[in-house]
Amino acid sequence: AAPAAPLARLFRAAAPPVLVAVPGGNKKRKRAEGEKVSEDQSLSVIQEPPVKAKKARKKEHSGAEKKLSERENALEQAEEEENQKLFQNKTKQKKKASQAFTKNVVNSATGATAKQQKRRRVADEAADRRTVFVGNLPVSCTVQVLKSLFKKYGQIQSIRFRSLIPAEDTVSKKVAAIKHKVHPNAKFINAYVVFKEECDAQKALKENGTEIASGFHIRVDTASKTSSHDNKRSVFLGNLSYDIRDDAVREHFHVCGDIVGVRVVRDSRTGLGKGFGYVLFENTDAVHLALKLNNSVLMGRKIRVKRVADQKKAQKSPDQSRAPKDRADKKKKEKSCSNDSFVGEKATPLKKSMKPKRLKTTPKNKAGKNK
């Protein structure tokens, strides 16, 4: 029983603990609080310089960032400019391609048109070779009259009348030819006779100069442009009357020799002459005789008679005539220049003057003193 006593003590209710106020405990707390405050102040003091450093770093970073931003902006601008250049180049290439395409299209079209024009020209030239021009026909002439005149040379394809003067301005020449509504003052007309073969048209030229009616000697010539008149056998006429007829000119010059054809240049609208014309003779001797009729009177006018000069020679002659003169003048100038230059290059020695030297004279007063 003895050993159980101490164990029982352990399980007894213990007395409540007594709390005793310890002096100086607040001081410790105050100290702790003060220490905390001081620590906070120290921390704040210690932490302040890093803030300034951060600000300085921020400023440094801001300057660097500005440079970087400027570089980036410059790079972006360069890229934009390059992109714009590329875009412009692409647009230019597209325009060039479109222009080249259009040119090719136009060239192809023009090539086609050029080919067509060549074909038309060839066809027209072939048709002109088969066509005969008949001038100085009377107004009363009809298709039947021309057919009866030219059918013996070959088969005729068509006959067209030209140089008609309508009776009214509102009526066209074609309608006037069909309806025979010609101006009363009109005295003659022209025509084109188209044969089916070229050889027949050449044969029809034999009718040149035939008198189809009283006072109407017709002029028959090929319609092709290749036919050239011999200017050596021709004479130019000036100051002709406006209402002159071809036969009046023929009668005036028939004394000089045989006449191949007479052409008075006329207005296509009115049919009146323009005051000049040409006469083609068979021989050149007739030209010399015709020139003597210069200033002769024809229908109350003094006409001018001159030779017909070739335009090509007239254009070349002034240049050729001037060339030798210019060369001669140049040679003369060169000679004169060469002589002058040769004289100028010579070293001409200075000639001594042969005049006698004047003697020094002393005034009379000085001479007397010296004596």
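Look a little higher up for the structure.
What counts and what doesn't
- Residues numbered from 1 in each chain as written.
- Predicted model: local features only at pLDDT ≥ 70, side-chain atom pairs only at ≥ 80, totals over all residues.
- Heavy atoms only, no water.
- Helix = DSSP H or I, 4+ residues; strand = E, 2+ residues; numbered from the N terminus.
- Buried < 20%, exposed > 50% of the residue type's maximum accessible area, 1.4 Å probe, protein only.
- Core = buried A, V, L, I, M, F, W, Y, C linked by side-chain atoms within 4.5 Å.

Let us now look at the environment of alanine 201. Note on placement: alanine 201 falls in helix H5 (residues 198-204). Judged by its relative accessible area of 0%, alanine 201 is buried. Note: C-alpha distance between alanine 201 and alanine 223 (22 residues apart in sequence) is 9.8 Å.

Turning to unusual backbone geometry, a few remarks are in order. In the Ramachandran plot, asparagine 136 falls in the positive-phi region, its phi being about 65° despite a non-glycine side chain. Residue placement: asparagine 136 occurs in strand S1 (residues 131-138). Despite not being glycine, serine 163 has its phi angle at roughly 60°, a positive value. Structurally, the position occupied by serine 163 is in the loop between strand S2 (156-162) and helix H4 (173-179).

In this structure, Leu137, Leu146, Phe150 and Phe195 are the most contacted members of the largest nonpolar core, which totals 23 residues. Only S1, helix H3 (143-150), S2, strand S3 (188-195) and H5 provide two or more residues apiece to this core. Counting residues per element, this core draws most heavily on S3, which supplies four residues. With 18 residues, the next largest nonpolar core counts Val279, Phe281, Ala286 and Val287 among its residues.

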